[in-house]
Amino acid sequence: MAQFPKGELAPSDGLLPEQAKLNAEQRTFHAYIHVPFCKARCGYCDFNTYTAQEIGSSSQSSFARDLVSEIDLSRQVLEDSGVVGRSLSTVFFGGGTPTLLPAEDLIEMLQKLRSVFGVEADADITTEANPDSVDEVYLLKLKEAGFTRVSIGMQSAVTKVLAVLERTHNPDNVARSVQAAKTVGLFTSVDLIYGTPTETIEDWVETLQQAISLDTDHISAYSLIVEPGTKLARQIKVGEVEMPDEDLHAQMYEVADELLTKAGFVNYEVSNWSRSVETRSKHNVAYWKSMDWWGFGPGAHSHIGGVRWWNVKNPAAYTDRLRASLSPALERELVDQANQDIERVMLETRLAEGIDLAWLKSKGFGTQEVISNLIASEVIDGGAVFQGVVKLTKKGRLLADYVVRELLG
Ligand SMILES: C[S@@+](CC[C@H](N)C(=O)[O-])C[C@H]1O[C@@H](n2cnc3c(N)ncnc32)[C@H](O)[C@@H]1O
Ligand code: SF4
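Residues numbered from 1 in each chain as written. Chains lettered and ligands numbered in written order. Predicted model: local features only at pLDDT ≥ 70, side-chain atom pairs only at ≥ 80, totals over all residues. Heavy atoms only, no water.

Description of the site of ligand 2
Moving on, step 1. Every residue close to ligand 2 is listed here: Cys38, Ala40, Arg41, Cys42, Tyr44, Cys45, Gly96, Asn130 and Arg167.
Moving on, step 2. Taken together, the residues of the shell around ligand 2 sort by class into 5 nonpolar, 2 polar and 2 charged. (Near = heavy atom within 4 Å. Nonpolar A, V, L, I, M, F, W, Y, C, P; charged D, E, K, R; others polar.)

Side note on the domain arrangement of the protein
Moving on, step 1. Under the domain assignment, the protein is made up of domain 1 (8-288) and domain 2 (337-409).
Moving on, step 2. For domain 1 versus domain 2, the distance between C-alpha centres works out to 28 Å.
Moving on, step 3. Taken together, the contacts link 15 residues of domain 1 with 12 residues of domain 2.
Moving on, step 4. Interface area for domain 1 against domain 2, summed over the two sides, is near 1,100 Å², with a carbon-plus-sulfur share of 55%.
Moving on, step 5. Among the residues of domain 1 in contact with domain 2, Tyr253, Val270 and Trp288 are the three that bury the most area, contributing 43% of the side total.
Moving on, step 6. In this structure, the connection of domain 1 to domain 2 is made through 3 salt bridges.
Moving on, step 7. Linking aspartate 257 and arginine 397 is a salt bridge whose minimum nitrogen-to-oxygen distance equals 2.8 Å.
Moving on, step 8. Remark: the boundary between domain 1 and domain 2 carries 5 residue pairs in polar contact (both at pLDDT 80 or more).
Moving on, step 9. Broken down by element, the residue count for the side of domain 1 that touches domain 2 peaks at 5 residues, all from helix α10 (residues 246-262).
Moving on, step 10. Here the side of domain 1 that touches domain 2 is built from residues that sort into 7 nonpolar, 3 polar and 5 charged. (Domains from an automatic or database assignment. Contact = heavy atoms within 4.5 Å. Buried area = accessible area lost by both parts, 1.4 Å probe. Salt bridge = Lys/Arg side-chain N within 4 Å of Asp/Glu carboxyl O. Polar contact = N/O pair within 3.5 Å; in protein donor to acceptor, adjacent residues only side chain to side chain. Helix = DSSP H or I, 4+ residues; strand = E, 2+ residues; numbered from the N terminus.)

Some words on the layout of surface pockets
Moving on, step 1. By volume, the second largest pocket amounts to about 520 Å³.
Moving on, step 2. Around the second largest pocket sit 18 residues that line it, and Arg27, Lys289, Ser290, Gln337 and Gln340 are the ones nearest its centre.
Moving on, step 3. Top element by residues in the lining of the second largest pocket is helix α13 (residues 337-348). It accounts for 6 residues.
Moving on, step 4. Across the lining of the second largest pocket, the residue classes tally to 3 nonpolar, 9 polar and 6 charged.
Moving on, step 5. Taken domain by domain, the lining of the second largest pocket gets at least three of its residues from each of domain 1 (8-288) and domain 2 (337-409). (1 Å grid on protein atoms, 1.4 Å probe; cavity = no way out; pocket = protein on both sides within 12 Å on 5 of 7 lines; lining within 4 Å. Points joined across faces, edges and corners; volume = space filled by probe spheres on them.)

A few points about the pairing of strand β5 (residues 149-155)
Moving on, step 1. Burial analysis of β5 places 7 of its 7 residues in the buried class, the great majority of the element.
Moving on, step 2. Both faces of β5 are covered, namely the face carrying Arg149, Ser151, Gly153 and Gln155 and the face carrying Val150, Ile152 and Met154.
Moving on, step 3. Across 6 bridges, β5 lies against strand β6 (residues 187-194) in parallel orientation. Looking at β6, one finds that isoleucine 152 is bridged to valine 190. (Buried < 20%, exposed > 50% of the residue type's maximum accessible area, 1.4 Å probe, protein only. Pairing = 2+ DSSP bridges.)

A closer look at helix α8 (residues 201-213)
Moving on, step 1. Its 13 residues give α8 an end-to-end C-alpha distance of 18 Å, which sits within 8% of 18 Å, the value for a rise of 1.5 Å per residue.
Moving on, step 2. Considering only its buried residues, α8 is in contact with β5, α6 (159-165), β6, β7 (218-223) and α10.
Moving on, step 3. Following α8 by one or two positions, aspartate 215 has its phi on the positive side, about 60 degrees. (Expected span 1.5 Å × (residues − 1).)

Examining the pattern of salt bridges
Pairing between side chains of opposite charge can happen when their charged atoms approach one another.
Moving on, step 1. Under the counting rule described, the total for this entry stands at 20 salt bridges.
Moving on, step 2. Where lysine 282 meets aspartate 124, a salt bridge forms, and the shortest distance between an N and an O atom there is 3.6 Å. Highlighted residues: lysine 282 in helix α11 (residues 282-288) and aspartate 124 in strand β4 (residues 119-129), separated in sequence by 158 residues.
Moving on, step 3. On the accessibility criterion, lysine 282 (33% relative accessible area) is partly exposed.
Moving on, step 4. Classification of aspartate 124 as buried rests on a relative accessible area of 5%.
Moving on, step 5. Taken together, the salt bridges that share partners define one network made up of Arg27, Arg86 and Asp292.

Comments concerning the packing of aromatic side chains
Moving on, step 1. Taken as a whole and judged by the stated rule, the model has 11 aromatic pairs.
Moving on, step 2. With 6.2 Å between their ring centres and 25 degrees between their planes, tyrosine 32 and phenylalanine 92 make a pair best called stacked. Separated by 60 residues along the polypeptide, tyrosine 32 in strand β2 (residues 29-35) and phenylalanine 92 in strand β3 (residues 88-95) bring together distant segments of the chain. Across the pair, exposure class does not vary: tyrosine 32 and phenylalanine 92 are buried alike.
Moving on, step 3. Consider the rings of tryptophan 359 and phenylalanine 365, whose centres lie 6.2 Å apart with planes at 50 degrees: the pair is tilted. Each member of the pair, tryptophan 359 as well as phenylalanine 365, is classed as buried.
Moving on, step 4. Three or more aromatic residues link up through ring pairs in this structure, and these residues are Trp294, Phe296 and Trp309. (Phe/Tyr/Trp six-rings, centres within 6.5 Å; stacked < 30°, edge-to-face > 60°.)

Rendered as structure tokens:
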């Protein structure tokens, strides 16, 4: 079987190597659609997204048309590569800000996925949204077209913190957009960020309380990552703003878990809490379980059977390739079995259901001594180990990277 070094150029027809089709029937299939447009760029964000000033508005108006041609291409590539056909278990529109596009455009892309692959009857169909970019009329159209869930970027309830993040949304619109989504019958999630420069523990508690009062089905809370090349990274470098220390981050995580648990949310992945199993992000769970997904759109990443590839980032280059009947895939890598096993440990250890101990042992991970030490330091649950599963304790969730390093040895 051909081996590709990391980041080898992808072929212009997008054809996948042999590995992609192996045991495909044992994996579920998912679609991610990347919509690379935002009204303004937040200072901390390095996602592949562009404002109208940067690329003009015409690429937004033709976006759905080009994207549906990638859907046609993906079907052809999968068939020609011998990957077994499966209908979609989840569809996720992310960005960028998908809801900057007219609802009709999102619906057109979803309908195309339905007609080309089929979408399972109980599929989660989610869009991310900024609080200013949706109202009841918009969300009703999505609901009627089969969307099931909207994930709203709240980040913080505190004006000062939103200003440091350079979030432009009106904080009042968070409650309005969540309410609108609930009214039309969509499941709701809000994304929060903690550990922003100047944010105090009181600010964070205020944010959590407001998020809880929205009565959403799901909450994600991620610590702010300083991404190289962002405005935030430059501000920190010149001393304009100062990142809070790790102890405060840890304290904020603990407060989040405490308040969310008290409010009836259950933690199912280190940074994710849900009211019930039904309202978990099934799309993200598929990523964490290394299922198959096709990422459509500029810069989107795909993963089929350990073959990873990513599209050209620039929207104009993406369009040019598709209009010339070429694959928009730029580079790819073939993840060998040993690295797939390492990835599995890194991802599944973070899930509340834990990772199978017998499988770990069969791969040479987590010796008896390591497991005993992790139990003694109270970062994994001794009772669960007895039942054959390695599960993080609450303390372990704060030290998840350490636990993974120890398991990998
Ligand atoms: C890329 S955004 C797309 C959705 C939408 N535009 C929004 O901002 O909510 C998805 C999530 O990633 C988060 N995010 C982006 N950059 C981040 C960073 N450096 N650290 C932590 N979270 C980040 C955003 O705050 C947002 O909640
Ligand atoms: S709105 Fe979302 S995607 Fe756009 S720049 Fe801000 S965080 Fe990034």
